[in-house]
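Per-entry structural report
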Number of protein chains: 2
Amino acid sequence: MLTDRQLLILQVIIDDFILTAQPVGSRTIAKKEAVTFSSATIRNEMADLEDQGFIEKTHSSSGRVPSEKGYRFYVDHLLSPLRLSRQEIVTIRDAFNEKMMEFERVVQKSAGILSEMTNYTSIILGPEVFETKLKQLQIVPLSEHSAIAILVTDTGHVEHRAFNVPVEMKGTDLEKMVNILNQRLQGVPLVKLHEKLYTEINEMLRHHMDHHEEAFSYLRSALVEDHPTKLYIGGKTNILMQPEFRDLEKVRSLYATIEQENEMADLLRSGQEGIQVRIGQENPFDSMQNCSLITATYHLGNDQMGTIALLGPTRMEYNRMFSLMHVLSKHMTNTFRGWY
Amino acid sequence: MLTDRQLLILQVIIDDFILTAQPVGSRTIAKKEAVTFSSATIRNEMADLEDQGFIEKTHSSSGRVPSEKGYRFYVDHLLSPLRLSRQEIVTIRDAFNEKMMEFERVVQKSAGILSEMTNYTSIILGPEVFETKLKQLQIVPLSEHSAIAILVTDTGHVEHRAFNVPVEMKGTDLEKMVNILNQRLQGVPLVKLHEKLYTEINEMLRHHMDHHEEAFSYLRSALVEDHPTKLYIGGKTNILMQPEFRDLEKVRSLYATIEQENEMADLLRSGQEGIQVRIGQENPFDSMQNCSLITATYHLGNDQMGTIALLGPTRMEYNRMFSLMHVLSKHMTNTFRGWY
DNA sequence: TGTTAGCACTCGTTTTAAGTGAGTGCTAAA
DNA sequence: TTTAGCACTCACTTAAAACGAGTGCTAACA
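Definitions and limits used
Residues numbered from 1 in each chain as written. Chains lettered and ligands numbered in written order. Predicted model: local features only at pLDDT ≥ 70, side-chain atom pairs only at ≥ 80, totals over all residues. Heavy atoms only, no water. UniProt positions renumbered as here; feature names shortened; annotations may be inferred. Helix = DSSP H or I, 4+ residues; strand = E, 2+ residues; numbered from the N terminus. Rg over C-alpha atoms; globule rule 2.2 N^0.38 Å. Buried < 20%, exposed > 50% of the residue type's maximum accessible area, 1.4 Å probe, protein only. Contact = heavy atoms within 4.5 Å. Areas by Shrake-Rupley, 256 points an atom, 1.4 Å probe, with all protein chains shown as cover. Lys, Arg positive; Asp, Glu negative; His and termini not counted. Charge placed at Lys NZ, Arg CZ, Asp CG, Glu CD. Buried area = accessible area lost by both parts, 1.4 Å probe. Salt bridge = Lys/Arg side-chain N within 4 Å of Asp/Glu carboxyl O. Polar contact = N/O pair within 3.5 Å; in protein donor to acceptor, adjacent residues only side chain to side chain. Near = heavy atom within 4 Å. Pairing = 2+ DSSP bridges. Axes fitted to C-alpha atoms, helices over the stretch in contact; angles between N-to-C directions. Parallel < 35°, antiparallel > 145°, perpendicular 65-115°, else oblique. Left-handed = near helix turned anticlockwise from the far one by under 90°.

Where an unreviewed UniProt entry is consulted, chain A appears under the name Heat-inducible transcription repressor HrcA, with the organism given as Halobacillus litoralis. Regarding chain A, the UniProt comment filed under Sequence similarities (unreviewed entry) reads as follows: "Belongs to the HrcA family." Under the heading Function (unreviewed entry), UniProt records this for chain A: "Negative regulator of class I heat shock genes (grpE-dnaK-dnaJ and groELS operons). Prevents heat-shock induction of these operons."

Written out as structure tokens, the structure is:
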């Protein structure tokens, strides 16, 4: 379909455009080391590449710009894996050398590093909660009529919720209730919690305790709150530095999209395992028309999977990004290995 | 110093400029209902106001723009307290009607509302932690060699930290240690925790337990982490909608400033009780030259005080902002009343 | 004496026109 | 098949002209 020469030209065009964000003309290409033929020849080849839809003109007498099809081809076939610089490797390794024991910390840090090293915006999605199970429930009385319910999962995630304690309930009652709940609920997946609490447990408490209803209903409302999969976002303002986002309107609509946490989470979840790129229109959102989204998956010990993503203009340094995300997701997976 | 007529003109200029962000000319002023005299007269008066530094021209033949001194005067003397609309009052009340038991939730919500209703950026500073005392310490073992330390304060704040458990330590040892720690540390202010752990407690454990050192050192590092006063920020991207921030460079430097959490916290803390405005240069940061920062204080039951702030261009709807922040801080204070 | 109509003037903004240059497509010769 | 050459295109820059919102000043008026 494409001759070697055309491949070379396409590669040069995209490499150059990624660097400069300026349309690439035939003369510019002719000047490159690797190119031995004249600008006229290049013009002919470019006309061909354009006919086939790999590159476009911004106007009738401009240089060429990669089309989405061009980027797609580039990513699929022309990408020369880039070795990260010593500096970059060290930066990442140092970050992960620090002792981090909590999932949130690791993820937060990863998002930070990723956005810092790329100047793009990083988005990290935690693993599905489906599998997470309740490890322990604890209640700490705060005052006469309030207490805090603390819920710890087997993944070390902690959630807490304050709730009211009815006056007629004593501290010992509360303890008793917690004991019952712990006995019955340990190991139950969080998603089943809701159901269990409303049926089985409710029934059980009725038999074992007086005036449990009110306290239990409070506690239940505290525990049952949906646990949305959280998104960790880093370098949101990096978007502002990209020349393609000079237009504030675009920035605003992109921000609006990112802030739709649910939809973003769905999008990230929908990627398959490994590294994947969505270029421009391949993204489901209008505001991401001229964006690319690179996603990579990481793993937790117990087969659970999360996603790290990088959002930038379609004109992205794909090869460096691929290497970075590869290394980073590996570090994350390593860190989590054996935790669960 | 200023005649009534001048006051009126100054007021009209500022009111109009706040609305339109455009320099206000004499004809525009003359068209207002309240103004009965001609544009020529207004021009004379404006020349006077300019001599006194209350207004400025953007160039020699432009309309007038309020100077910082003008805003300051406006805020101090011309502000007619604005009644909030039914709609606004209801919005706020509804938000606070929802049962919220945690400090974080209330603050988060407040920041959200504030930025949403104003289209400015809201920043909320929690109370000083000086007074917060440790309520209870809990440890939940996760696996053979890891556990989570959970620290609950008397204000219902929960912090948690995972740590390693050395192999030679058994579950019962851990429990024992926690018991000792709880006995000794309940009621201790968080700020003293560090010191206590390193002296007294260390000593005590040495006498009561074998090979406590390693576990304890882990636990200590988990507990002692600094507890920085957190900033809750809402509507950070609202800044982009203000015409005075068309210039991306300004936006970026302002973001950079906001992200300096420590300095921002100091700034917010430095305000006195009640509502206060810092206009333009009155702010310590260069990036806030053309910003105003309105701060208001809220109270927690136990004499602790926090600050809510609103950051926008100097051209702010001061009277509405004042009313809003007044109402909001009151709602917050009410919500917290009796919690502690 | 304070107020106002009138007018010349200022200066940022918009419009128009001309000029520039990077880049193209096509043709014809090597 | 490749390339030199050339006419052509069109965004971008620059300069000049036209516009208009707004001013300060002056002189007349109540």
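The subject of this paragraph is the overall build of chain A. Secondary structure summary: chain A contains 12 helices and 10 strands in total. For 340 residues, the compact-globule estimate of 2.2 N^0.38 gives 20 Å, and the C-alpha radius of gyration of chain A, at 27 Å, exceeds that figure by more than 25%. Structurally, chain A occupies a C-alpha span of about 90 × 40 × 35 Å along its principal axes. Scored against the burial criterion, the 340 residues of chain A give a buried share of 52%. Long-range contacts, defined as pairs at least 24 residues apart, comprise 60% of the intrachain contacts of chain A with a sequence gap of at least 6. Here chain A displays about 16,000 Å² of accessible surface, and carbon together with sulfur accounts for 48% of that area. For chain A, the distance from the average site of its 36 positive side-chain charges to the average site of its 45 negative ones is 6 Å.

A few words now on the interface of chain B and chain A. Taken together, the contact pairs 35 residues of chain B with 33 residues of chain A. When the two sides are added together, the surface that chain B and chain A hide from each other amounts to roughly 3,100 Å², 63% of it contributed by carbon and sulfur. Of all residues in chain B, the largest losses of buried area upon contact with chain A belong to Met101(B), Leu240(B) and Leu248(B), amounting jointly to 17% of the total for that side. Remark: the boundary between chain B and chain A carries two salt bridges. A salt bridge links Glu102(B) to Arg161(A); its shortest N-O distance comes to 3.4 Å. The interface formed by chain B and chain A holds seven residue pairs in polar contact (both at pLDDT 80 or more) in total.

Now for the protein's contact with DNA strand D. Lining the immediate surroundings of DNA strand D are 19 residues, of which Arg5(A), Thr41(A), Ser60(A), Ser61(A) and Ser26(B) lie closest. Protein-proximal atoms of DNA strand D, defined as those within 4 Å of the protein, fall in sugar or phosphate at a share of 77%. The separation between a sugar or linking oxygen of DNA strand D and a polar side-chain atom of Ser60(A) is 2.8 Å. Between DNA strand D and Arg64(B) there is a distance of 3.0 Å, counted from a phosphate oxygen to a side-chain nitrogen or oxygen. Listing elements by their share of the surface near DNA strand D, those giving two or more residues are α3 (39–51) of chain A together with α3 (39–51) of chain B.

The next point concerns the pairing of strand β3 (residues 121–125) of chain A. Side chains on a regular strand alternate between the two faces of the sheet. Residue and element names in this part refer to chain A. Counting buried positions along β3 gives five out of five residues, so the element sits mostly inside the fold. Side-chain alternation along β3 places Thr 121, Ile 123 and Leu 125 on one buried face and Ser 122 and Ile 124 on a second face that is also buried. Here four bridges tie β3 to strand β7 (residues 231–234), and the two strands are oriented antiparallel to one another. Across the sheet, the residue bridging to Ile 123 is Ile 233, located in β7.

All names here are of chain B. With their axes 11 Å apart at the nearest point, helix α5 (residues 86–97) and helix α12 (residues 318–336) run at an angle of 20 degrees to one another. By the criterion of interaxial angle, the relationship of α5 to α12 is roughly parallel. Considering only the axes of α5 and α12, their crossing is right-handed. Contacts between α5 and α12 involve Glu 88, Ile 92, Arg 93 and Phe 96 on the former and, on the latter, Arg 320, Leu 324, Val 327, Leu 328, His 331, Met 332 and Thr 335.

The next subject is the protein's contact with DNA strand C. Taken together, 19 residues lie near DNA strand C, and Ser26(A), Arg5(B), Thr41(B), Ser60(B) and Ser61(B) sit nearest. Counting only atoms of DNA strand C within 4 Å of the protein, the sugar-phosphate share comes to 76%. A distance of 2.9 Å separates a phosphate oxygen of DNA strand C from a polar atom in the side chain of Arg64(A). Within the side chain of Arg43(B), one N or O atom sits 3.2 Å away from a base oxygen of DNA strand C. Where the surface near DNA strand C is concerned, the elements lending two or more residues are α3 of chain A together with α3 of chain B.

To continue, consider the pattern of salt bridges. Residues and elements named next belong to chain A. Throughout the structure, instances matching the rule amount to 28 salt bridges over all chains. Among the ionic pairs, Arg 5 bridges to Glu 45, the shortest N-O distance being 2.7 Å. Taken together, the positions of Arg 5 in helix α1 (residues 4–20) and Glu 45 in helix α3 put the pair 40 residues apart, joining distant regions of the chain. For Arg 5, a relative accessible area of 35% corresponds to the partly exposed category. Through salt bridges that share partners, Arg 72, Asp 76 and Glu 282 make up one connected network.

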